[in-house]
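# Examining the three-dimensional arrangement
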Amino acid sequence: MNYLEERILAEGIVKPGNVLKVDAFLNHQLDIGLLRWMGAEWKRRFAGRPINKILTIEASGIGLAVAAAEQFEVPAVFAKKGESINIDGDVYRAEIESFTRQNKSQVIVSKRFLGPDDHLLIVDDFLANGCALQGLLAICAQAGATVEGIGIAIEKGFQPGGQIIRNLGCRLESLAIVDAMSAETGRIVFRPQG
């Protein structure tokens, strides 16, 4: 069992509707030591890849992207949800659907920050149905960038997102894969990883 799995068991809360609440350490309040561990673990798992940027989506992915960017010593770029007067010029855009928010939104990245010379590691906090990742992959394709890999904090292995992304040929490394969880009992079962 790794550090993230231990924290999920100790502080994670399973809620009805297949929701795993980890806001005490990952996506509301951030445990910086845990983020450093995660960044280092992705650095280890993607060692030797020519990664020159980290890409994520706002807002929960930003802390993870910063931790990974620090380890790889590269910039972190995040896709913004919706238009912003702070983004000038041309943008790449894709529509995503959020599992937790139960809505669709446009995400955008300025063309100034992604292009064909970029070799990306995409990171995010959760992988459920894979919609957010598919949107980020569409943006990468628009930019002509190379996706070297995808790092996920928590994958819900009982939902289809992981298989969908792997079937696209992407190298996907999830730090914790939840194979089952119960709101009634609070029980969480992790998939064993090598």
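If you're wondering where the values come from, they're calculated on a predicted model, not measured in any experiment.

### Section: the packing of aromatic side chains
With the rule as written, the count across this model stands at one aromatic pair. Here the aromatic rings of tyrosine 3 and tryptophan 37 are separated by 6.0 Å at their centres, their planes lie at 90°, and the arrangement is edge-to-face. Of this pair, tyrosine 3 sits in helix α1 (residues 3-11) while tryptophan 37 sits in helix α2 (residues 32-45), placing them 34 residues apart in sequence. The class of tyrosine 3 is partly exposed, set by a relative accessible area of 30%. The exposure class assigned to tryptophan 37 is partly exposed, which follows from its relative accessible area of 24%.

### Overview of α1
Regarding α1, the residues found buried are Leu4, Glu5, Arg7 and Ile8. Angularly, the buried residues of α1 cover 160° about the axis, an arc narrow enough to put them on a single face. Buried residues in α1 make contact with β2 (19-21), α2, β8 (146-156), β9 (172-181) and β10 (188-190). Structurally, the start of α1 carries an N-cap: the backbone nitrogen of leucine 4 is 3.0 Å from a side-chain oxygen of asparagine 2.

### So, the packing of α2 against helix α3 (residues 61-72)
Remark: α2 packs on α3, axes separated minimally by 8 Å, with the N-to-C direction vectors making an angle of 55°. Of the possible angle classes, the one that applies to α2 and α3 is oblique. When the axes of α2 and α3 are compared, the crossing they make is right-handed. Packed against α2, whose contacting residues are Leu35, Arg36, Met38, Gly39, Ala40, Trp42 and Lys43, the element α3 presents Gly63, Leu64, Ala67, Ala68, Glu70, Gln71 and Phe72 at the interface. Class assignment for the residues of the contact of α2 with α3 results in eight nonpolar, three polar and three charged.

### Quick word on the side chain of threonine 56
One can find threonine 56 in strand β3 (residues 53-57). Residue threonine 56 is classed as buried on the basis of its relative accessible area of 0%. Among the polar contacts made by the side chain of threonine 56, one reaches the main-chain carbonyl oxygen of valine 123 at a distance of 2.6 Å. Dropping the residues within four chain positions of it, threonine 56 is found in contact with Gly61, Ile62, Ala65, Val77, Phe78, Ala79, Val123, Asp124 and Leu136.

### What about the nonpolar core?
Counting residues in hydrophobic clusters, the biggest one holds 32 residues, and the most contacted among them are Leu4, Ile8, Leu20, Met38, Ile54 and Ile154. At the level of secondary structure, the elements contributing two or more residues to this core comprise α1, α2, α3, β7 (119-127), β8, β9 and β10. Top element by residues in this core is α3. It accounts for six residues. Those residues in contact with isoleucine 8 that sit more than four places away from it in its chain are Leu20, Val22, Phe25, Ile154, Ala176, Ile188 and Phe190. With 25 residues, the next largest nonpolar core counts Val77, Val107, Ile150 and Ile165 among its residues.

### Details of the packing of α1 against α2
Angle between the axes and distance between the axes are the two parameters that describe a pair of packed helices. Running from N to C, α1 and α2 point in directions that differ by 145°, and their axes come no closer than 10 Å. Where α1 abuts α2, its residues Tyr3, Leu4 and Arg7 lie against Gly33, Leu34, Trp37 and Met38.

### A closer look at unusual backbone geometry
Residues glutamate 58 and alanine 59 are joined by a peptide bond in cis, for which omega reads 5°. Mapped onto the elements of the fold, alanine 59 is located in the loop between β3 and α3. The phi angle at glutamate 73 is positive, at roughly 55°, despite the residue not being glycine. Position of glutamate 73 relative to the elements: it lies in the loop between α3 and β4 (76-81). Classification of glutamate 73 by relative accessible area gives exposed; the value is 72%.

Each value, and the rule that gives it
- Residues numbered from 1 in each chain as written.
- Predicted model: local features only at pLDDT ≥ 70, side-chain atom pairs only at ≥ 80, totals over all residues.
- Heavy atoms only, no water.
- Phe/Tyr/Trp six-rings, centres within 6.5 Å; stacked < 30°, edge-to-face > 60°.
- Helix = DSSP H or I, 4+ residues; strand = E, 2+ residues; numbered from the N terminus.
- Buried < 20%, exposed > 50% of the residue type's maximum accessible area, 1.4 Å probe, protein only.
- Arc of directions from axis to C-beta.
- Contact = heavy atoms within 4.5 Å.
- Polar contact = N/O pair within 3.5 Å; in protein donor to acceptor, adjacent residues only side chain to side chain.
- Axes fitted to C-alpha atoms, helices over the stretch in contact; angles between N-to-C directions.
- Parallel < 35°, antiparallel > 145°, perpendicular 65-115°, else oblique.
- Left-handed = near helix turned anticlockwise from the far one by under 90°.
- Nonpolar A, V, L, I, M, F, W, Y, C, P; charged D, E, K, R; others polar.
- Core = buried A, V, L, I, M, F, W, Y, C linked by side-chain atoms within 4.5 Å.

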